[in-house]
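Read off the chains here:
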Amino acid sequence: MSLVLDPAAQDLLFREARTANTFTDEPVTDEQVQAIYDLVKYGPTAFNQTPLRITLVRSPEARERLVTHMAEGNQAKTKAAPLVAILSADNEFHEELPALLPHFPQAKDMFFAERPVREQSALLNAALQAAYFIVGVRAAGLAAGPMTGMDFAGLQKEFLDDDHTPLMVVNIGKPGDDAWFPRSPRLAYDEVITTV
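Since the structure is predicted, the reported quantities are computational estimates derived from the model, not experimental observations. (Residues numbered from 1 in each chain as written. Predicted model: local features only at pLDDT ≥ 70, side-chain atom pairs only at ≥ 80, totals over all residues. Heavy atoms only, no water.)

Draft legend 1. Representation of the sheet that holds strand β4 (residues 164–173) within the structure. Taken together, the 4 strands give an open sheet; going across it, the order is β1-β2-β4-β3, and neighbouring strands pair in antiparallel fashion. A single partner strand is all that each edge strand has here, and the edge strands are β1 (52–57) and β3 (143–147). Mean inter-strand twist for the sheet, computed between neighbouring axes without regard to direction, equals 30°. Pairing between β3 and β4: 5 bridges, direction antiparallel. (Pairing = 2+ DSSP bridges. Helix = DSSP H or I, 4+ residues; strand = E, 2+ residues; numbered from the N terminus. Axes fitted to C-alpha atoms, helices over the stretch in contact; angles between N-to-C directions.)

Given below as structure tokens:
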């Protein structure tokens, strides 16, 4: 095998990892979330932008409000997960670029002065960061249950503002009983890779 990462880590992060549908009641601590973020913040993005915003839904009242915006099939698992995170894209991410890209501070105004351009870039790069976040959850020995089955407009109005676009909701915790659906097929190498 030509991969440097040892097989156990490969399994933890990719081969054996799946979307969890049930969780134990073991809490997910702020320290665990901090460790996850401190790892995944190094994932590459365009212009080193950091548009991902993570809203941790911890209080019972906030959880109840969130559940009302989830699709029916996602409500029970969102209600029962030890921790739920709302992942969104900050469309005003460009304000941080002079600090995040000190060798090219003019990028803020040169490339991102117009809101539609920022929204497109924020969506793509926050989605990249969301993927890193899910892998980081796995690296912490936890399971993630990312979901997009929800009322996006309702969730945005309830938890965010007009400058933040919701991407997904992620249930986080130790997997519970019957947490996994059977592994679904994936496309083979020759169905995806083309050499020109």
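That covers the picture; the talk isn't over yet.
Draft legend 2. View of empty space enclosed by the protein. In this structure the tally under the stated criterion is 1 cavity of 30 Å³ or more. If you add up the space inside the largest cavity, you get close to 40 Å³. Around the largest cavity, the lining residues are Tyr37, Val40, Lys41, Leu52, Ile54, Gln129, Tyr132 and Phe133. Here the lining of the largest cavity takes 3 residues from helix α7 (residues 115–139), the largest share from any one element. (1 Å grid on protein atoms, 1.4 Å probe; cavity = no way out; pocket = protein on both sides within 12 Å on 5 of 7 lines; lining within 4 Å. Points joined across faces, edges and corners; volume = space filled by probe spheres on them.)

Draft legend 3. Molecular detail of helix α1 (residues 7–15). Here α1 has its buried residues at Ala9, Gln10 and Leu13. Buried positions in α1, seen along its axis, are confined to an arc of 100° and lie on one side of it. Summarising the geometry of α1, the exposed residues directed more than 90 degrees from the buried face are Pro7 and Ala8. Where the residues of α1 are buried, they touch α7. (Buried < 20%, exposed > 50% of the residue type's maximum accessible area, 1.4 Å probe, protein only. Arc of directions from axis to C-beta. Contact = heavy atoms within 4.5 Å.)

Draft legend 4. Region of interest: unusual backbone geometry. Its identity is not glycine, yet Phe47 carries a phi of approximately 60°, on the positive side. Tracing the backbone through its elements, the reader meets Phe47 in the loop between α2 (30–40) and β1. Notably, Asn48 is not glycine yet its phi reads approximately 55°, a positive angle. Inspection of the secondary structure assignment puts Asn48 in the loop between α2 and β1. Taking the relative accessible area as the measure of exposure, Asn48 reaches 38% and is therefore partly exposed.

Draft legend 5. View of the layout of surface pockets. Considering only enclosed or pocket space, the largest pocket measures out at about 220 Å³ in volume. For the largest pocket, the full set of lining residues is Phe14, Ala17, Arg18, Thr19, Asn21, Arg138, Trp180, Phe181, Pro182, Arg183, Ser184 and Arg186. Looking at the lining of the largest pocket residue by residue, the classes come out as 5 nonpolar, 3 polar and 4 charged. (Nonpolar A, V, L, I, M, F, W, Y, C, P; charged D, E, K, R; others polar.)

Draft legend 6. A look at helix α4 (residues 72–80). Among the residues making up α4, those that are buried are Asn74, Lys77 and Thr78. Looking straight down α4, one finds that the buried residues subtend no more than 105° of arc, so they occupy a single side. Facing away from the buried side of α4, by more than 90 degrees, are the exposed residues Glu72, Ala76 and Ala80. Along its buried surface, α4 packs onto α3 (60–67), β2 (83–90), β3 and β4.

Draft legend 7. Geometry of the pattern of salt bridges. Inspection of the entire model under this criterion finds 12 salt bridges. For Arg118, the salt bridge is made with Glu92, and the minimal N-O distance between the two is 3.0 Å. Residue Arg118 is found in helix α7, and its partner Glu92 is found in the loop between β2 and α5 (97–100); the two are separated by 26 residues along the sequence. Look at Arg118 and you get buried, because its relative accessible area is 7%. Where Lys108 meets Glu95, a salt bridge forms, and the shortest distance between an N and an O atom there is 3.2 Å. (Salt bridge = Lys/Arg side-chain N within 4 Å of Asp/Glu carboxyl O.)

Draft legend 8. Looking closely at the packing of aromatic side chains. Under the defined criterion, the tally for this structure stands at 6 aromatic pairs. Where Phe47 meets Phe111, the ring centres are 5.0 Å apart and the plane angle is 40°; that geometry is what we call tilted. Taken together, the residues span a long stretch of sequence, with Phe47 in the loop between α2 and β1 and Phe111 in helix α6 (residues 107–112) at a distance of 64 residues. Relative accessible area serves as the criterion here: at 29%, Phe47 is assigned to the partly exposed category. Using a relative accessible area of 37% as the deciding quantity, one classes Phe111 as partly exposed. Judged by centre distance (5.1 Å) and plane angle (75°), the rings of Phe93 and Phe112 are edge-to-face. Placement of the pair is Phe93 in the loop between β2 and α5 and Phe112 in helix α6, with a sequence separation of 19 residues. Take Phe93 and Phe112: they sit in the same class, and that class is buried. (Phe/Tyr/Trp six-rings, centres within 6.5 Å; stacked < 30°, edge-to-face > 60°.)

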